[in-house]
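Here's the letter readout for the chains.
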Amino acid sequence: MRRQRFRRTAVLAFSTLLALTGCAGAGALGSGGKTLVIAIVSNPQMNDAQALSGQFEQANPGVKLKFVSLPENEARAKITASVATQGGEFDAVMISNYETPQWAANGWLENLQPYLAATPGYDEADFIPSIRDSLSYQGSMYAVPFYGESSFLAYRKDLFDRAGLTMPAHPTWQQIADFAAKLDDKAAGVAGICLRGKPGWGENLAPFDTVANTFGARWFDENWNAQLTSPEFRAAAQFYVDLIRQHGEVGASSAGFSECGTRYGQGQAAMWYDATVMAGTNENPSSSTVAGKSGYVAAPVVQTKASGWLYTWSLAIPKSARDKQDAWKFLDWMTNKEFVRTVAEADGWNAVPPGCRLSTYRIPEYQQAAAAYAQPTLEGIDAARESDVRTRPVPYSGIQFVGIPEFQDLGTRVSQELSAAIAGQISVDEALRQSQQYAQTVGDSYRGA
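Residues numbered from 1 in each chain as written. Predicted model: local features only at pLDDT ≥ 70, side-chain atom pairs only at ≥ 80, totals over all residues. Heavy atoms only, no water.

A. Just the packing of aromatic side chains, in detail. Inspection of every chain in the model, using the stated rule, returns 37 aromatic pairs. Aromatic side chains tryptophan 201 and phenylalanine 401 sit 6.4 Å apart centroid to centroid with 85 degrees between the ring planes, which places their arrangement in the edge-to-face category. In this pair, tryptophan 201 is assigned in the loop between α9 (173-183) and α10 (205-214) and phenylalanine 401 in the loop between α18 (386-389) and α19 (407-422), connecting sequence segments 200 residues apart. Here tryptophan 201 matches phenylalanine 401 in class, with each residue buried. Aromatic side chains tyrosine 296 and tyrosine 373 sit 6.1 Å apart centroid to centroid with 75 degrees between the ring planes, which places their arrangement in the edge-to-face category. In this pair, tyrosine 296 sits in strand β9 (residues 294-298) while tyrosine 373 sits in the loop between α16 (364-369) and α17 (374-383), placing the two residues 77 residues apart along the sequence. Here tyrosine 296 matches tyrosine 373 in class, with each residue buried. Grouped by ring-pair contacts, the aromatic residues Tyr98, Trp201, Phe208, Trp219, Phe233, Tyr240, Phe401 and Phe407 constitute a single cluster. (Phe/Tyr/Trp six-rings, centres within 6.5 Å; stacked < 30°, edge-to-face > 60°. Helix = DSSP H or I, 4+ residues; strand = E, 2+ residues; numbered from the N terminus. Buried < 20%, exposed > 50% of the residue type's maximum accessible area, 1.4 Å probe, protein only.)

Take a look at the structure:
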C-alpha cells in the first residue's frame, strides 16, 4: 500500500518538481551513446572527483562525462523527478541511504550486485558494514558509497586552551552550550558555535534531528500520531534555536554545511557540529586557516548513549539509464580502492573520501594525515545505531531523517518553519504548531494504509 501511494505521489508531484527544477525532457542533456550524464551534488569531495574525471576518460577512450552539478536541495529535487518518472536523462545519479532502499523497492534502480560480482578486485566486503547495509535492499546493493559519515563536534583546541576549558570526549549538549557562551566573541568575529539553519530536510534538519532524538523526541509515535508539539520536541527545538540565536554564526538562517565550513575554516567559529566529512576540509592548509588546530569528539548527547547520524552519498544507476555498462565503469572508477590513492596524489590525503572503505583506514599515509579525526569518524559511524540514539520506539527508520517517501516534502516544510524561528520571524511554538499540522497529515495517511 505504501509503495503504491509513493508511486502515485511521485507521478502527481512530477509536474511541480519539473517547474521547480527546470528539468529537461529525456535525452535533452545528451545522455545515450558514449556521453555519460552524471547528476551530482556540488560539495567539495564531488568537486575534487569531477576535476579528476579526465583520468577516467583517458582510460576509457570514446566515453565522455558530462556532470550536472547542483546544490543539495536542487539536486535532490531534479534527481527525484527524473528517476521517479524514468526520464532516462541520467546514466548515473548521486543519492543517499535515504533514497536507495525506497527506490530499489519501487524498481527505479539497477541492481548492482551482478556488476559487483563481475568486477575483479572491487571487494564490496571492504565497505564499512553499516554503510553497505544502508545501501542494500533484500541483500543486494543498489548504490555504492562515494563517502560515508556520521556527525561529530569539531572544536578549536587553541581557543579552549586560552580560555582554560577542557572538552570531554563525550560531551553533553548543555556542556556545549556553556562552552559556546564562554567562547562567543562577537568583537573578534568568532561565534561560539556554528550550526546549520538553512532550510532543507538535508540541511538544518540533519543536525537538528539528532538533537531531537537525544532530547527524547520523535516525529511520530508507534501509531503514527505526530509528536512535533510534544514537550520533548519543543525542548529540543527551543534549545537548538536559542543556541544559534545567542551564540551561533551571523546569518544562521541561511547557513548550511558549506557556509559553516567556510566560517569554521576561516577561524570564525570556536565549535562546529556537523558531518564527520568536514574534517578533511578543516585540516587542509590550502582551504583552512585553522588546519592542525582542531579536536574532534563524539556527537553531544542528553538522554541517549549516542546521537550521531548515519549518512552516505553514493552513486546509483537508474533503471532508465541508456548506457548501464559504461555507467558501471564510472561507478567502479569512483568508488574502488584505487580511487583513494588517485585523490591523494592529486589533492593530498586529507581530501580522500572518508567513512567508506575499511582499507582506507589501514593506509599508513592516511593514518598519519587523518590522525586527528580518523578514529572519531569510525567510532561515530559504528555508534550510529537507531537503538542507541532513541529513547522510545518509532514506526520509521532513519536517524536524521524519517525513512518514508513523504519526508522530502514534510521535512522541507518543517525545516522552513525551523529556519524562520532561527531568523526570529516566528516563535518556536508557532513553528511547531504549523509543523505538527504538516506531520499529522502524513501520519493520518499511514494509519489508514
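Next comes the rest of the write-up.
B. A look at the pattern of salt bridges. Per the stated rule, a full pass over the model turns up 21 salt bridges. Among the salt bridges present, the one from lysine 198 reaches glutamate 259, with a minimum N-O distance of 3.9 Å. Of the two residues, lysine 198 sits in the loop between α9 and α10 while glutamate 259 sits in helix α12 (residues 257-265), which places them 61 residues apart along the sequence. The class for lysine 198 is partly exposed, based on a relative accessible area of 26%. (Salt bridge = Lys/Arg side-chain N within 4 Å of Asp/Glu carboxyl O.)

C. The arrangement of the environment of threonine 360 in detail. With respect to the helices and strands, the residue threonine 360 is situated in the loop between α15 (337-347) and α16. As a C-alpha pair, threonine 360 and tyrosine 137 span 223 residues in sequence and 25 Å in three-dimensional space. In this structure, threonine 360 is in contact with Val340, Val352 and Tyr366, ignoring residues within four places of it in sequence. (Contact = heavy atoms within 4.5 Å.)

D. Structural view of the environment of aspartate 178. In this structure, aspartate 178 sits in helix α9. The spacing of aspartate 178 and alanine 321 is 143 residues in sequence and 52 Å in space, taken between C-alpha atoms.

E. Molecular detail of the sheet that holds strand β7 (residues 151-156). The 3 strands lie next to each other as β8-β7-β9, forming an open sheet whose pairing is antiparallel. Where the open sheet ends on each side, the last strands, each with one partner, are β8 (271-275) and β9. The average undirected angle you get between the axes of adjacent strands in this sheet is 30 degrees. Across 5 bridges, the pairing between β7 and β8 is antiparallel. For leucine 153, the partnering residue across the bridge sits in β8 and is tyrosine 273. (Pairing = 2+ DSSP bridges. Axes fitted to C-alpha atoms, helices over the stretch in contact; angles between N-to-C directions.)

F. Region of the structure containing unusual backbone geometry. Phi at glutamine 86 takes a positive value of approximately 55 degrees, unusual for a residue other than glycine. On the secondary structure map, glutamine 86 appears in the loop between α4 (72-84) and β3 (92-96). Here tryptophan 224, not a glycine, exhibits a phi torsion of approximately 65 degrees, which is positive. What makes tryptophan 224 buried here is its relative accessible area of 6%.

G. Looking closely at the side chain of arginine 390. The topology assignment puts arginine 390 in the loop between α18 and α19. Here arginine 390 occupies a buried position and makes no salt bridge, while the nearest side chain of opposite charge, glutamate 386, is found at 4.2 Å. Separated by 3.2 Å, the side chains of arginine 390 and asparagine 213 make a polar contact. If sequence neighbours within four positions are ignored, arginine 390 has contacts with Asn213, Thr304, Tyr396, Gly398 and Ile399. (Lys, Arg positive; Asp, Glu negative; His and termini not counted. Polar contact = N/O pair within 3.5 Å; in protein donor to acceptor, adjacent residues only side chain to side chain.)

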